[in-house]
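# Topology and contacts: notes
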Amino acid sequence: MRIDLHTHSNRSDGTDTPAELVVNAALAGLDVVALTDHDATTGWDEARAAGEREGVVVVPGIEISTTFHGESVHLLGYAFDPAHPPLVEELERVLGGRDQRLPRILARLAEHGIDITEEDVALQSGAAAASGRPHIADAMVAKGYIGHRDEAFQGWLNSRGRAYVERYAAPLLGAVRLLKDAGGQAVVAHPWSRGSDRVLTADAFEELAALGLDGIEVDHVDHDDVARRGLRDVARALDLVVTGSSDYHGTGKSSAFHLGANLTDPGEYERLLG
Ligand code: AMP
Ligand code: ZN
Ligand code: FE
Ligand code: FE
């Protein structure tokens, strides 16, 4: 059983439609794929229908943008009620925060002679639930300012970049509760990448486990072997599920993030979603 529990379609910042993503999952030999778009569930129906055609089990999921002690933390949610009103409300705040931030980022880019309009960005975000930094990056590529999306995160849009502007993110502990209250499972995504390693200590995981956290995404390209061993120890001590996944974004991220790049053990999958 090949199981990949973290992927993005064009309903957030991936480049495949949800159906294309599932076709590609079948081609990659996956038996189970979770669609976990940033802060959005709008791809679920299309992905599930494609899963039935392709013989791939599609797990409906999400990756929520949260904040914990001032650091950005991504929280994966699975198989929850997407209509749970407090959750819907919180996701709307996060998505709205992205859209409100957009003109401010564009103004900063303009100060540096980079001329991108909201229409340019809308052309890139297309079917996405909101326009995020990757779509701004894509507009910079389309207008010839940079060669690839990743270059925008080297000095422009990354958290120390010249055009960076903060946006709303859901408080992490509240987001875990919202997913649990909506009947779902909560797993911290790539906890020891980009800054969140500073706040996601073993003690923090203990606090999260007490709130109902189900698992930790251990096998992810952002984690080296030392991080993976450390996180496995934390998971074992707290009896949390260990997951592995690709964080696939189509052509929006490098081939290191290909479907099936990291997998979840079938026994762990059964513990989480069985
Ligand atoms: P947003 O939440 O709209 O600010 O955009 C965040 C998304 O941008 C993340 O989910 C990643 O897909 C992408 N991203 C953030 N930081 C980087 C980075 N340093 N390099 C490449 N992509 C990044
Ligand atoms: Zn992303
Ligand atoms: Fe993430
Ligand atoms: Fe992701």
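Every value quoted in this text rests on a predicted model; they were computed, and no experiment measured them.

### Focus: the overall build of the chain
- Each helix and strand in the chain was counted, giving 10 helices and eight strands.
- Taken over C-alpha atoms, the radius of gyration comes to 18 Å for the chain, in line with the 19 Å a tight globule of 274 residues would show.
- Overall, the chain is about 50 × 45 × 40 Å in size when its C-alpha atoms are taken along their principal axes.
- Out of the 274 residues belonging to the chain, those deemed buried represent 55%.
- Within the chain, counting contacts between residues at least 6 apart in sequence, those at least 24 apart form 72% of the total.
- Entry remark: accessible area of the chain is about 11,600 Å², with carbon and sulfur atoms responsible for 48%.

### Examining the site of ligand 1
- Among the 14 residues in the neighbourhood of ligand 1, the closest are listed as D13, H38, R98, R133 and R167.
- At 3.0 Å, a side-chain N or O of H38 approaches an oxygen atom of ligand 1.
- With respect to ligand 1, the side chain of R167 contributes an N or O atom lying 2.6 Å from an oxygen atom.
- When ligand 1 is considered free in solution it has 490 Å² of accessible area, and contact with the protein chains removes 86% of it.
- Within the residue set of the shell around ligand 1, elements represented by two or more residues are α3 (85-111) and α5 (133-142).
- Of the residues in the shell around ligand 1, the class split is two nonpolar, four polar and eight charged.

### Considerations on the coordination of the iron ion (ligand 3)
- Protein ligation of the iron ion (ligand 3) involves E63 (OE), H74 (ND1) and H190 (NE2), the donor distances falling in the range 2.1 to 2.2 Å.
- Going along the chain, you hit the donors of the iron ion (ligand 3) in the pattern E-x10-H-x115-H.
- When its relative accessible area of 1% is taken as the criterion, E63 is described as buried.
- Given the relative accessible area of 8%, H190 is considered buried.

### Looking at the side chain of D138
- For D138, the position within the fold is in helix α5.
- If we ignore the near neighbours within four places in the chain, the residues touching D138 are Q124 and R149.

### Section: the packing of helix α1 (residues 18-27) against helix α2 (residues 44-54)
- With their axes 8 Å apart at the nearest point, α1 and α2 run at an angle of 35° to one another. Pair α1 / α2 crosses with right-handed handedness. Note on element contacts: α2 touches α1 through E46, A47, A50, G51, R53 and E54, opposite P18, A19, V22, V23 and A26.
- Partitioned by chemical class, the residues of the contact of α1 with α2 number seven nonpolar, one polar and three charged.

Conventions we followed
- Residues numbered from 1 in each chain as written.
- Chains lettered and ligands numbered in written order.
- Predicted model: local features only at pLDDT ≥ 70, side-chain atom pairs only at ≥ 80, totals over all residues.
- Heavy atoms only, no water.
- Helix = DSSP H or I, 4+ residues; strand = E, 2+ residues; numbered from the N terminus.
- Rg over C-alpha atoms; globule rule 2.2 N^0.38 Å.
- Buried < 20%, exposed > 50% of the residue type's maximum accessible area, 1.4 Å probe, protein only.
- Contact = heavy atoms within 4.5 Å.
- Areas by Shrake-Rupley, 256 points an atom, 1.4 Å probe, with all protein chains shown as cover.
- Near = heavy atom within 4 Å.
- Polar contact = N/O pair within 3.5 Å; in protein donor to acceptor, adjacent residues only side chain to side chain.
- Nonpolar A, V, L, I, M, F, W, Y, C, P; charged D, E, K, R; others polar.
- Donors = N, O, S within 2.8 Å, 3.2 Å for Na, K, Ca; no water.
- Axes fitted to C-alpha atoms, helices over the stretch in contact; angles between N-to-C directions.
- Left-handed = near helix turned anticlockwise from the far one by under 90°.

These values are about where atoms sit, not about what they do.
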